[in-house]
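Close look at the chain arrangement
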Amino acid sequence: MSRQARPPTHRIEVKPALQLRLGQQLTLTPQLRQAIRLLQLSAVELETEINLALESNPLLDRAEDAQGNGEDTEPGERPDREPEPQVEMVEDAPLDYEPVWDEHYSRAGGTSEDEFEGGVSAAEPENLHDHLMWQLNLTTLSPRDHAIAVTLIESIGDDGYLREDVEAIGQWLAAEVECGSDEIEAVLHRIQRFDPLGVGARDLSECLLVQLSMLPGDTPGLELAQAVAKSHLEELARSGLDRLAHELGVERAQMREAVDLLRSLDPKPGDRIASGPVEYVAPDAYVERERGIWRVRLAQSGRPKLAINRHYESLIGAAAKGDAAYLRGQLQEARWLIKSLETRADTLLRVAHAIVRHQTGFLEHGPEAMRPLTLREIAEELALHESTISRVTTRKYLHTPRGTFEFKHFFSSSLSTTDGGTASSTAIQAMIRRLVEREDPRRPLSDARLAAELRGEGVTVARRTVAKYREAMNIPSSNERQRLG
C-alpha cells in the first residue's frame, strides 16, 4: 500500500504588535441617560422632577436669582453689535441671529402680531398614533412602504405594542398592495426606531432589544442585558438576579449591571405620549424681532437654577464613614442633575435657533411661507440623532409674534412645484384655507378645483392629497359648505 504524499505545510509566524487607533465613542453613562430622560419632559413635568429632587437630595438647593437683566448671551455672540438693516427678506440669505436667555418668564398676557407677551395657551391633544404618523410623514418611503407603515401604525395599541401579527396585516393590505412578510418586517423595523424607541414591538423582549440595539456597543452590561432580554426575562422575574447569575455563570456584579441597564429602559413606550384632554402649556422659548434681528430666548422654566448646598457639602469631610458615603453619593447625583439640566437647556435653545433660521419666511409672511423641514435636516445640522430632535420637538412650545406653536409645527414634508422648487405641506394647507375662505359660498370649490387653483399658483397636488389636507383642517366638503352658505 503506497503512501500518499502530504501537502507542503507553511509556517505562519504571528508577531505581536502595538497599534494606536484614534476614534470617537459614545458611552451611555448614567448621566447621559438622565439627560436623555430630562430632554423628553415637558415644562410642567420638568418642574415636578426638580421638586422631587429637591425634596430627596439635601445636597441640592435652589440658586439665588442671577444679577443683571437675566440675559446671558451664548459664547461668540456680540450683543452690542449694530445689526444691518434688513429691508427685504431673501429666502437663502444668512439670518442675523442672536440667541439669548430670557429670565422674564410670565404666565400672564395675550398674543397678537403687534405685541409680544408671554402667555398660557391650550395644547392640542396628541395620541401615540398622531405622533407616529407625524414622524412617518417626515420619513422618505416609497408609496408601497408608506401604505404598509400606515397599516402597522393603525395596529399599534396605546401602550406602544403591535396588536396584530404580520400575517394578518398582510391580509389587510392585500386589497391595496401585495406584500410578503419580509417587506412588512422591514417597515416594522423602521417604525420601531421612531420615537419612542421600541414602539411597534410584539412583546416585552423585542421592545427592550430594540432599545438596547440603539446603545453604543461599549455600553457597560450591554451584551449580557441583550442575552437576558432575549431569553431570560421570565426566569429573571421568577428566580431573581442571584440565581440567574449563577445559572448563566456570570458574576453577581455583572448581572446587577445588566439588570440596571434593563431597568433604565421603557417597557411601555406608548404610555409616554399623552392622549388625555387638552392641557394648558407655557412657552419653552420665545422669538421676537428687535432692530431687524430675530432673537430667541429660552423661558426661565427651561433653565431652572439649581446649586450645591455648601453647608451639607462641608459636612462630608467631618461625617462618619457611612454618612460621608451617603453625602458623597447625593453630591454626585446633584452635580449630574445640574449638568443634565444645562444640557437640556442648551439643546432646546439650539433646536429653537435652527427652527427660526429655517422658518424666517413663516415669521415674516405667515403659514404660506413655511419651508419644508425634516428632523434629519436639523439633526445633521446640529450633529444630533433624529430621535433626540424628536424628543426636543415634542411638547415643547415656541412663542412667536404669530402665536404659540409646538416645535413640531415647524416641520413638514415637501411637495414639488412647477418651477422645480418645493413647498411644505403646511404652506399648502394654508393656501387651501385661503382659497376656501375667498370662494363664493354659493359655488364652493371642489377638491379637484382646489387642486387646479393650486396648480395655477405653481403647486402640483393631486385631488386626493387636497382632500386629505382639507379633512386634516376640519374643512367640510364642497357640498357641505354649500349647504352652510
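Residues numbered from 1 in each chain as written. Predicted model: local features only at pLDDT ≥ 70, side-chain atom pairs only at ≥ 80, totals over all residues. Heavy atoms only, no water.

Regarding the packing of aromatic side chains
Defined as follows: For Phe, Tyr and Trp, where Trp contributes only its six-membered ring, two rings pair if their centres lie within 6.5 Å, and the inter-plane angle classes them as stacked under 30 degrees, edge-to-face over 60, or tilted in between. Helical segments are the DSSP runs of H or I of at least four residues, strand segments are the runs of E of at least two, and each set is numbered from the N terminus. Exposure categories follow from relative accessible area, calculated using a 1.4 Å probe and restricted to protein chains: below 20% of the type maximum is buried, above 50% is exposed, and the middle band is partly exposed.
Under the counting rule described, the total for this entry stands at four aromatic pairs. With a centroid separation of 5.6 Å and 85° between ring planes, the pair formed by Phe362 and Phe410 is classed as edge-to-face. Taken together, the residues Phe362 in helix α14 (residues 360–365) and Phe410 in the loop between β9 (403–406) and β10 (414–416) connect sequence positions 48 residues apart. Judged by relative accessible area, which is 1%, Phe410 ranks as buried. On the numbers, 6.0 Å between centres and 75° between planes, the contact of Phe405 with Phe410 is edge-to-face. Like Phe410, Phe405 is buried.

Quick look at the side chain of Thr347
To keep it simple, the criterion reads: Note on contacts: a residue pair is in contact if any heavy atoms of the two residues lie within 4.5 Å.
Within the fold, Thr347 resides in helix α13 (residues 321–358). Those residues within four positions of Thr347 in sequence are excluded, and the remaining contacts are Leu39, Leu384 and Val392.

Some words on the pairing of strand β6 (residues 293–298)
What counts, and what does not: Pairing between strands is defined by DSSP: at least two bridges between the two strands are required.
Of all six residues in β6, six are buried, a share of seventy percent or more. Judged by which residues are buried, β6 turns out to be covered on both faces: Ile293, Arg295 and Arg297 on one side and Trp294, Val296 and Leu298 on the other are all buried. Bridge count between strand β5 (residues 285–290) and β6: six bridges; the pairing is antiparallel. Along β6, the bridge assignment pairs Tyr286 with Arg297. Between the antiparallel neighbours β5 and β6 lie two residues, among them Arg291 with a positive phi of about 50°.

Considering unusual backbone geometry
The omega torsion across Asp195 and Pro196 is 0°, close enough to zero to call that bond cis. In this fold, Pro196 is placed in the loop between α6 (181–191) and α7 (204–213). One non-glycine residue, Arg291, adopts positive backbone phi at about 50°. Non-glycine residue Arg395 carries a positive phi angle of around 60°. Mapped onto the elements, Arg395 comes out in the loop between α16 (386–393) and β8 (397–400).

What about the environment of Pro267?
Mapped onto the secondary structure, Pro267 falls in the loop between α11 (252–263) and β4 (279–281). Ignoring sequence-local partners within four residues, the contact set of Pro267 consists of Tyr161, Leu204 and Cys207.

Considering the pattern of salt bridges
The following threshold applies: Salt-bridge detection follows one rule: a side-chain nitrogen of Lys or Arg within 4 Å of a carboxyl oxygen of Asp or Glu.
Under the defined criterion, the tally for this structure stands at 20 salt bridges. For Asp159, the salt bridge is made with Arg163, and the minimal N-O distance between the two is 2.1 Å. Under the relative-accessibility criterion, Asp159 is labelled buried at 17%. Looking at Arg163, the relative accessible area reads 51%, which means it is exposed.

Observations regarding the packing of α13 against α16
For any two helices packed against each other, the geometry is given by the interaxial angle and the distance between the axes. Threshold: Orientation is described by axes fitted as lines to C-alpha atoms, over the contacting stretch for helices, and by angles from 0 to 180 degrees between their N-to-C directions. Orientation is classified from the angle alone, with under 35 degrees giving roughly parallel, over 145 giving roughly antiparallel, 65 to 115 giving roughly perpendicular, and any other angle giving oblique. The residue classification treats Ala, Val, Leu, Ile, Met, Phe, Trp, Tyr, Cys and Pro as nonpolar and Asp, Glu, Lys and Arg as charged. All others, Gly included, are polar.
The contact between α13 and α16 brings their axes to 10 Å, and the two run at 90°. The angle between α13 and α16 places the two elements in the roughly perpendicular class. In this structure, α13 uses Thr347, Leu348 and Val351 to contact α16, whose residues at the interface are Ile389, Val392 and Thr393. When the residues that make up the contact of α13 with α16 are grouped by side-chain class, the tally is four nonpolar, two polar and no charged.

Let's talk about helix α2 (residues 43–56)
The periodicity of an α-helix, 3.6 residues per turn, causes residues three or four places apart in sequence to face the same way. What counts is decided by this rule: How far a helix is expected to stretch is found by multiplying one less than its residue total by 1.5 Å. Regarding the arc, it is the one traced by the directions from the helix axis to the C-beta atoms.
With 14 residues, α2 should cover 20 Å at 1.5 Å per step; its first-to-last C-alpha distance of 20 Å lies within 8% of that length. Within α2 the residues assigned to the buried category are Ala43, Leu46, Ile50 and Ala53. Taken down its axis, α2 places every buried residue within 80° of arc, on the same side. In α2, the exposed residues that point more than 90 degrees away from the buried face are Glu55 and Ser56.

A closer look at helix α4 (residues 143–154)
Between its first and last C-alpha atoms α4 spans 17 Å; for twelve residues at 1.5 Å apiece the expected length is 16 Å, and the two agree. Within α4, the full set of buried residues consists of Ala147, Ile148, Ala149, Val150, Thr151, Leu152 and Ile153. Against the buried residues of α4 lie α3 (128–137), α5 (166–173) and α6.

So, the environment of His232
Put simply, the rule reads: A 3.5 Å cut-off defines polar contacts: any pair of N or O atoms within that distance qualifies, except that in protein one atom must be a possible hydrogen donor and the other a possible acceptor, and neighbouring residues in sequence count only when both atoms are side-chain atoms.
One can find His232 in the loop between α8 (222–231) and α9 (233–239). On the basis of relative accessible area, His232 is assigned to the buried category, the value being 18%. Apart from residues no more than four positions distant in its own chain, His232 is found in contact with Ala227, Leu244 and Leu248. For His232, the side chain forms a polar contact with the side chain of Glu235, separated by 3.3 Å.

Regarding the nonpolar core
Note the following rule: Definition used in this section: a nonpolar core is a set of buried Ala, Val, Leu, Ile, Met, Phe, Trp, Tyr and Cys residues joined via side-chain atoms within 4.5 Å.
Judged by nonpolar contacts, the single largest core of 32 residues is most densely connected at Ile389, Phe407 and Phe411. Residue contributions to this core peak at eight residues, all from α13. For Phe411, the residues in contact, after removing those within four places along its chain, are Trp134, Leu138, Ile355, Leu373, Thr374, Leu375, Ile378, Ile389 and Thr393. Counting 22 residues, the second-largest nonpolar core is a separate cluster that includes Leu132, Val166, Val187 and Ile273.

Topic: the pairing of β5
As paired strands, β5 and β8 are joined by two bridges and run parallel to one another. By the bridge assignment, Tyr286 is partnered in β8 with His399.

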